[in-house]
Amino acid sequence: MKKISINIFVSASLLFLSGCNDWLERKPQNIILEEQVWNDPKMITGLLANYYDRLPYHTDLSHGSNGDINAINREGWQDFAAYDEAMWSNNDDARNNLINYAFDRWRLWDYGLIRDINLALENIQTYAVKLTEAQKTQFSAELRFLRAYVYFEHVKRMGGVPLVTKQLIYNFDGNPGALQQPRNKEEEVYDFIASELDAVKDQLGNGTSNTRANKFTALAVKSRAMLYAASIAKYNGRMASPISTPGGEVGIPASRANDYYTKSLEASEEIISSGSYELYKTNPDKGVNFYEAVTKKSANREVIWAQDFLVSKDKRHGFTYDNIARNVREDNLSSSSITPTLNLVEDYEYLDGTSGELKNRNAGNTDYVYYDKLQDIFANKDARLYGTIIFPGTTFRGSEVQIQAGVKVWDNATNAFRTVESNVLGSVYDDGGLLTGSSGPQRSQTEVSNTGFYLRKYVDQTAMSSTRGIRSDMWWVRFRLGEIYLNAAEAAFELGQNANALKYANTLRERAGFPANSLKTLTLEKLQNERRVELAFEDHRVWDLKRWRIAHEVWNGNASNPDAVMYALYPYRVVRPGHATHGKYVFDKLVAPRFRTPRFFQMGNYYSAIQQSVIDNNPKIIRNPFH
């Protein structure tokens, strides 16, 4: 009996120990091991999605501005209203009353994301034993692309930053010196971006995906980055006092300009000549066509790289809710936040090539110009205006956006017009006609346009997309072929290849309704205006003015400078019974009533201030000029 008990004990012990071994070898249910991640293409793709989602932004559709000084990114879509494309017509006047741009504006120092990408690049080499070499190469290329893009976002804000390409590990010896890298020269960062994009462009795969990087996405980033570097090299040196540091952390030698322009042009032309992308020309209505070129998510080969959203996956944003025109909103709150300025509207030329200044007064400035319909003052303008901005007399989702400030009533006693406006949107005047439109404009009321215009670009036409419950899945376009044409035009112009430059610029203008070869000669100012009207509300304006080194002149803080002050256009119906002008429309140009302070860009804004804690942790980091 005793022998039987011993055997049972031994057997049970063996079973228990065997079970212990199995238990000890079980994989944890709540931890994903490195070996699991880096041998599973789906997990790697998921990680990449996280990195794409964390890419730096400035003004896009899904991020709101952030007042936290420690936030990685602090600007957001609301800051479309902080420059000269638009002003703010929702609650508060903060963006209409910017005394100046703070020196830490546009600051970026996101070494958390760079560290994660560096770590991923090392781990895929260490742990990915089950991936094919082709898979490892492609994933590594995509990670290097993302890192190059992140460095571009840094250098355009901060100038040269430390180029860290592997994880830095502290050895606990009490000396952190090995971790403290100095800033690289500004040109070294741009050179690194170019060389990385060149190295990976043919390894990226992903076909012609417009949400993941492929060969042409890499070329598009190179096209833009090299244009920025070239402009800084050329125009920084032409300033009365070029902005630079002795170590080259900011400022690029003028001798590098042509090299960078050449690289930008080559990248642009490789995209254009590839046949993989084409300008969107599907809709015969050129204004609607331009709106669709940016916003249509299917059958659109113009978009090279976009951040996409999908309502069915609960990946959506409230941009349309906050920016749809007042009288066509579907919710009972918000709307009308970003309202384009007259400044921008008048930069869209007439199709005969004349200045886009709207004709509201006669030649002698003795009387109004009278129009039969509200939209007539905008007749024969560049079709990109319609695709970008809702102006008086136009529609959205098939409904009229009712924009009328009031009426002009003729007073026989004074022999002049008397202006009548109402605080009630959609109000009716004594004659039974419309007094103030249901979309304003309004001088002081919030959630209604203060400028007389509304945003069309990026505002979603899908039903219910302006409600808080549904919201929108409109995508944010990071790169599209239209920009690449303009990059090519500018680089070619700077290299003295005027015929090429004209070809690229005129191709875009022809799509906007201009006759073929409408531009016969080019100047940089012409190209600057082409970028302003083609790329409005696509996050180019600030960066363009900075790289051309004219931001401090355009936004000089002077109230007498029309470029620094935001203007509005208020339309009125004429009430003058028995007169030929009765029932016609006239327009007043005025400083937007809620605009408070001229835009003021200081020299210290060309490069953002580095946070003090960064300098405290790494004494090798030198400050940017003026800070």
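The structure presented is a predicted model; accordingly, all values stated were derived computationally and were not measured.

Brief notes about the overall build of the chain
Part 1 of the reasoning: Tallying secondary structure elements over the chain gives 18 helices and 12 strands in all.
Part 2 of the reasoning: Its C-alpha atoms give the chain principal-axis dimensions of about 125 × 70 × 50 Å.
Part 3 of the reasoning: The proportion of buried residues among the 627 residues of the chain is 55%.
Part 4 of the reasoning: Long-range contacts, defined here as pairs at least 24 residues apart, represent 72% of the contacts in the chain between residues at least 6 apart.
Part 5 of the reasoning: Entry remark: accessible area of the chain is about 25,800 Å², with carbon and sulfur atoms responsible for 52%.
Part 6 of the reasoning: Side-chain charges of the chain comprise 74 positive and 74 negative groups, with the mean position of each set lying 2 Å from the other.

Description of the pattern of salt bridges
Part 1 of the reasoning: All chains considered together, the criterion is met by 54 salt bridges.
Part 2 of the reasoning: Among the ionic pairs, R594 bridges to D93, the shortest N-O distance being 2.8 Å. Residue R594 is found in the loop between β12 (585-591) and α18 (612-617), and its partner D93 is found in the loop between β1 (86-88) and α4 (111-127); the two are separated by 501 residues along the sequence.
Part 3 of the reasoning: Of the charged contacts in the structure, one is a salt bridge between K589 and E357, with a shortest N-O distance of 3.9 Å. Residue K589 is found in strand β12, and its partner E357 is found in the loop between α11 (342-345) and α12 (384-388); the two are separated by 232 residues along the sequence.

Here we look at the sheet that holds strand β7 (residues 406-411)
Part 1 of the reasoning: Within the open sheet, the four strands sit side by side as β8-β7-β11-β12. Their pairing is mixed. The sheet is open, and its two edges are formed by β8 (416-421) and β12, each paired on a single side. Between one strand and the next, the sheet's axes are offset by a mean angle of 35°, whatever the strand orientation.
Part 2 of the reasoning: Across four bridges, the pairing between β7 and strand β11 (residues 567-575) is parallel.

Remarks on the packing of helix α7 (residues 215-236) against helix α8 (residues 257-274)
Part 1 of the reasoning: It is the contact of α7 with α8, at a shortest axis distance of 7 Å, that shows an interaxial angle of 155°. By the criterion of interaxial angle, the relationship of α7 to α8 is roughly antiparallel. The two elements α7 and α8 meet at a crossing, and its hand is left-handed.
Part 2 of the reasoning: Here the contact of α7 with α8 is built from residues that sort into 14 nonpolar, five polar and five charged.

A word on the side chain of N73
Part 1 of the reasoning: Within the secondary structure, N73 is located in the loop between α3 (41-53) and β1.
Part 2 of the reasoning: Given the relative accessible area of 8%, N73 is considered buried.
Part 3 of the reasoning: Reaching out from N73, the side chain makes a polar contact with the backbone nitrogen of Y57 at a distance of 2.9 Å.
Part 4 of the reasoning: If near-sequence neighbours (up to four positions away) are discounted, N73 is found in contact with L55, P56, Y57, N66 and L108.

A word on the pairing of strand β10 (residues 476-480)
Every regular strand shows the same layout, with side chains that alternate between the two sheet faces.
Part 1 of the reasoning: Among the five residues that make up β10, five are buried, leaving the element largely enclosed by the rest of the structure.
Part 2 of the reasoning: Where strand β2 (residues 303-307) and β10 come together, four bridges link them in antiparallel fashion. Bridging from a neighbouring strand, W305 pairs with F479 of β10.

Brief notes about the nonpolar core
Part 1 of the reasoning: Counting residues in each nonpolar core, the largest one holds 109 residues, and the members touching the most others are F145, Y151, Y190, I193 and I271.
Part 2 of the reasoning: Broken down by element, the residue count for this core peaks at 14 residues, all from α7.
Part 3 of the reasoning: Each residue touching Y151, except ones within four places of it in the same chain, is listed here: Y111, I114, V161, P162, L163, V164, V189, F192 and I193.

Overview of the environment of E35
Part 1 of the reasoning: Within the secondary structure layout, E35 lies in helix α2 (residues 34-37).
Part 2 of the reasoning: By relative accessible area, E35 is classed as partly exposed at 44%.
Part 3 of the reasoning: As for E35 and D430, which are separated by 395 residues in sequence, their C-alpha atoms are 78 Å apart.

Thoughts on the packing of aromatic side chains
Part 1 of the reasoning: Applying the stated criterion across every chain, the model contains 34 aromatic pairs.
Part 2 of the reasoning: Between the aromatic rings of W410 and F417, the centroid separation amounts to 4.9 Å while the plane-to-plane angle is 80°, which identifies the pairing as edge-to-face.
Part 3 of the reasoning: Here a set of aromatic residues connected by ring pairs shows up, and it is made of Y83, Y101, W106, W543, W555, F601 and Y606.
Part 4 of the reasoning: Taking NZ or CZ as reference, K381 lies 5.2 Å from the ring centre of Y350, over its face.

Some points on the side chain of S336
Part 1 of the reasoning: Along the chain, S336 falls in the loop between α10 (319-323) and β3 (338-340).
Part 2 of the reasoning: Within the structure, the side chain of S336 is placed 2.8 Å from the side chain of S335, a separation counted as a polar contact.

Let's talk about α8
Part 1 of the reasoning: In this model α8 runs 26 Å from its N-terminal to its C-terminal C-alpha over 18 residues, within 8% of the 26 Å that 1.5 Å per residue would give.
Part 2 of the reasoning: For α8, the elements touching its buried residues are α6 (186-200), α7, β2, α13 (481-494) and α14 (498-511).
Part 3 of the reasoning: Phi turns positive, to about 80°, at G275, one or two residues after α8.

About the cut-offs
- All residue numbers refer to position in the chain's written sequence, counted from 1.
- Restriction of local features to residues with pLDDT of at least 70 applies here, the model being predicted, together with a cutoff of 80 or more for giving and counting side-chain atom pairs; totals for whole chains, interfaces and linings are based on all residues.
- Each side-chain value is derived from all of the structure's non-hydrogen atoms; neither hydrogens nor water enter the calculation.
- Segments assigned H or I by DSSP are reported as helices when at least four residues long, segments assigned E as strands when at least two residues long, and all are numbered from the N terminus.
- Note on exposure labels: buried denotes an accessible area under 20% of the residue type's maximum, exposed denotes more than 50%, and partly exposed covers the range between, all computed with a 1.4 Å probe on protein chains only.
- Two residues form a contact once any of their heavy atoms are found within 4.5 Å.
- Surface accessibility in these figures is a Shrake-Rupley result with a 1.4 Å probe; residues are shielded only by whichever protein chains are displayed.
- Only four residue types enter the tally: Lys and Arg on the positive side, Asp and Glu on the negative side; His and the chain ends are excluded.
- By convention, charge coordinates are those of NZ in Lys, CZ in Arg, CG in Asp, or CD in Glu.
- The salt bridge criterion pairs a side-chain nitrogen of Lys or Arg with a carboxyl oxygen of Asp or Glu, the two atoms within 4 Å.
- Two strands pair if DSSP finds at least two bridges between them.
- The convention used is that axes are lines fitted to C-alpha atoms, helices contributing only their stretch in contact, and that angles between N-to-C directions extend from 0 to 180 degrees.
- Should an angle lie under 35 degrees it is considered roughly parallel, over 145 roughly antiparallel, and from 65 to 115 roughly perpendicular; all remaining angles are considered oblique.
- Rotating anticlockwise by less than a right angle from the far helix to the near helix defines a left-handed crossing, while the corresponding clockwise rotation defines a right-handed one.
- Throughout this entry, Asp, Glu, Lys and Arg are counted as charged residues, while Ala, Val, Leu, Ile, Met, Phe, Trp, Tyr, Cys and Pro are counted as nonpolar. The remaining residues, Gly among them, count as polar.
- Counting of polar contacts relies on pairs of N or O atoms within 3.5 Å, with two restrictions inside protein: one atom must be capable of donating a hydrogen and the other of accepting it, and residues adjacent in sequence are counted only when both atoms are side-chain atoms.
- Throughout, nonpolar core names a set of buried Ala, Val, Leu, Ile, Met, Phe, Trp, Tyr and Cys residues whose side chains join them through atoms within 4.5 Å.
- For Phe, Tyr and Trp, where Trp contributes only its six-membered ring, two rings pair if their centres lie within 6.5 Å, and the inter-plane angle classes them as stacked under 30 degrees, edge-to-face over 60, or tilted in between.
- Consider the ring centre and the ring normal. A charge sits over the ring if Lys NZ or Arg CZ is within 6 Å of that centre and within 35 degrees of that normal.
- Given a helix with a known number of residues, its expected span is that number minus one, times 1.5 Å.

Take it as geometry only, folks, not as evidence of what the structure does.
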